[in-house]
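Notes for the structure review
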Amino acid sequence: MIDNLFIPKGYRPLLDLKQTEHAITVIKDSFQSGLSSELRLRRVTAPLFVLKGTGINDDLNGTERPVTFPVKDIGDKEAEIVHSLAKWKRMVLTDYDIEPGFGIYTDMNAIRPDEVLDNTHSIYVDQWDWERSITPEERNLCFLKKIVKSIYEVLKRTEFILYEKYPQLTPLLPSKIHFVHSEELLQKYPHLTPKEREDVICKEFGAVFLIGIGGALSNGEPHDGRAPDYDDWSTLADDGLPGLNGDILLWNPVLERAFEISSMGIRVDGEALIRQLKIKNCLDRKELLFHRRLLRGEFPQSIGGGIGQSRLCMYFLRKAHIGEIQASIWSDEMRKVCNDNNIPLV
């Protein structure tokens, strides 16, 4: 099915296949180096799978099925391909004894078989997962915004480095990123869907950090889904609105819509965890390994997120389809339609 596929009118790639592969290397090397320096992160090795039933795997919106398989040598216990490493990273901060002000990042590869395939979604996910220890006093909206601004500066530097090598890739990022809460966006555009609200605000400002994703808004619905056990989307911030998390969204002129490149936030403490498990009617999770350790106070307070590698390359290289960046699986119909419209899938 290609109902969700968008074909830009008159699309032509700005880089050929060889240039694209080289430019991907430039982006990845430049961005991860800048991110590491800006946030004081050290690289660690990440797992591709974790044991089922530990509570370590990220369940995203709570409906996606992980790929599972039995491990013969440990009694056929089932392992799961990771969806992301949101909770695993917090355990690593503890195991590596990372002090506040420092953190980790890793290359995360995942398989999400329930994704609906389109221009920006693939069953293969690659991102930089990062996590940084913070003090209890830094669990606030002001600190969240400070970290977002730091990441945004790395984005702008990476864009300029790429422009120096490929002048046809004219920089598009505005000088500053705009902050708005999902409730404020709802009040401003009450008759639009969440995705339509994102499109409008991103087209206006170019780069937006949308705060407070996961909890119900005044219309009784969340802006988007979030698991209850990593991001804190329920704690009231200084402005009286709930949520210490959000998404970095950029206006994508090729796709003519808002383009999410990162989901991130300050992580739950024990109080927020119990509150959010109750809201989502899954209080039984508190008996899982990760949740027990968190409630015992074994993990540091932290902030973290994921930044899509293929997504970021797709944006900077002005590509129309994520399949121009990464090798994945697409239907024959999608491949044909893309090929007929100058969109060469890897």
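My aim in this report is to walk through the structure given alongside it, one point at a time. In every chain, residue numbers begin from 1 and rise along the written sequence. Where totals are concerned, whole chains, interfaces and linings use all residues; where local detail is concerned, this predicted model gives features only for residues with pLDDT of at least 70, and gives and counts side-chain atom pairs only at 80 or more. As a convention, hydrogens and water are excluded, and side-chain values are obtained from all of the structure's heavy atoms.

The angle between two axes is taken between their N-to-C directions and runs from 0 to 180 degrees, where each axis is a line fitted to C-alpha atoms and a helix contributes only its stretch in contact. Secondary structure is summarised from DSSP: a helix means a run of H or I of at least four residues, a strand means a run of E of at least two, and numbering begins at the N terminus for each. The N-to-C vectors of helix α1 (residues 17–39) and helix α3 (residues 141–165) enclose an angle of 150 degrees; their axes lie 9 Å apart at closest approach. When you trace α1 past α3, the crossing you get is right-handed. Across from His22, Ala23, Val26, Ile27, Ser30, Phe31, Gly34, Leu35, Glu38 and Leu39 in α1, the residues of α3 making contact are Ile147, Ser150, Ile151, Val154, Leu155, Arg157, Thr158, Ile161, Leu162 and Lys165. Ten residues, namely Ala, Val, Leu, Ile, Met, Phe, Trp, Tyr, Cys and Pro, are considered nonpolar, four, namely Asp, Glu, Lys and Arg, are considered charged, and the remaining ones, Gly among them, are considered polar. Tallied by class, residues from the contact of α1 with α3 come to twelve nonpolar, five polar and three charged. What makes a crossing left-handed is the near helix being turned counterclockwise from the far one by less than a right angle; a clockwise turn instead makes it right-handed. The criterion used for residue contact is that any of the two residues' heavy atoms lie within 4.5 Å.

To continue, consider the environment of alanine 258. Tracing the backbone through its elements, the reader meets alanine 258 in strand β10 (residues 257–266). Residues alanine 258 and leucine 283, spaced 25 residues apart in sequence, show a C-alpha to C-alpha distance of 34 Å. Contact partners of alanine 258, with chain neighbours within four places excluded, come to Glu198, Asp199, Cys202, Leu250 and Trp251.

With that out of the way, let us pick up the pairing of strand β9 (residues 245–252). The rule is simple: take the accessible area with a 1.4 Å probe, protein chains only, and divide by the maximum for that residue type; under 20% is buried, over 50% is exposed, in between is partly exposed. In terms of residue burial, β9 counts as a mostly covered element, since eight of its eight residues are buried. Of the two faces of β9, both are covered, the one formed by Asn245, Asp247, Leu249 and Trp251 as well as the one formed by Gly246, Ile248, Leu250 and Asn252. For two strands to count as paired, DSSP must find a minimum of two bridges between them. With five bridges joining them, strand β8 (residues 207–211) and β9 adopt antiparallel strand pairing. Bridging across to β9, phenylalanine 209 finds its partner in isoleucine 248.

The interhelical angle for the contact between α3 and helix α8 (residues 309–316), taken along N-to-C directions, is 55 degrees, at an axis separation of 11 Å. By the angle class used here, α3 and α8 are oblique. For α3 against α8, the interelement crossing comes out right-handed. Across the interface between the two elements, Leu155, Thr158, Glu159 and Leu162 of α3 pack against Leu312, Tyr315 and Phe316 of α8. For the contact of α3 with α8, the per-class residue count stands at five nonpolar, one polar and one charged. Reported orientations rely on four angle classes, namely roughly parallel under 35 degrees, roughly antiparallel over 145, roughly perpendicular from 65 to 115, and oblique for the rest.

What counts as a salt bridge is simple: a side-chain nitrogen of Lys or Arg found within 4 Å of a carboxyl oxygen of Asp or Glu. Under the criterion given, the structure shown has 25 salt bridges. As a salt-bridge pair, aspartate 129 and lysine 89 come within 3.1 Å of each other at their nearest N and O atoms. Of this pair, aspartate 129 sits in strand β6 (residues 124–133) while lysine 89 sits in helix α2 (residues 86–95); the two residues are 40 residues apart in sequence, bridging distant segments of the chain. Residues aspartate 129 and lysine 89 agree in their burial class; the two are buried. Notably, a salt bridge pairs aspartate 232 with arginine 139, separated by 2.7 Å at the nearest N-O pair. Of this pair, aspartate 232 sits in the loop between β8 and β9 while arginine 139 sits in the loop between β6 and α3, and the two are 93 residues apart along the sequence. Note on aspartate 232: relative accessible area 0%, which makes it buried.

Once that is clear, we can look at the layout of surface pockets. Of the volumes computed, that of the largest pocket is approximately 1200 Å³. Along its surface, the largest pocket is lined by 49 residues, and Arg112, Glu115, His121, Glu260 and Arg311 are the ones closest to its centre. At the level of secondary structure, the elements contributing two or more residues to the lining of the largest pocket comprise α2, β6, α5 (194–205), β10, β11 (302–308) and α8. Among the elements that take part in the lining of the largest pocket, β10 stands out by supplying eight residues, more than any other. Considering only residue class, the lining of the largest pocket consists of twelve nonpolar, 16 polar and 21 charged. Space inside and on the surface of the protein is sampled on a 1 Å grid over the protein atoms alone, with a cavity defined as a set of points where a 1.4 Å probe fits but cannot get out and a pocket as an open set with protein on both sides within 12 Å along at least 5 of 7 lines; lining residues have an atom within 4 Å of a point. Grid points are joined across faces, edges and corners, and a volume is the space filled by probe spheres set on the points.

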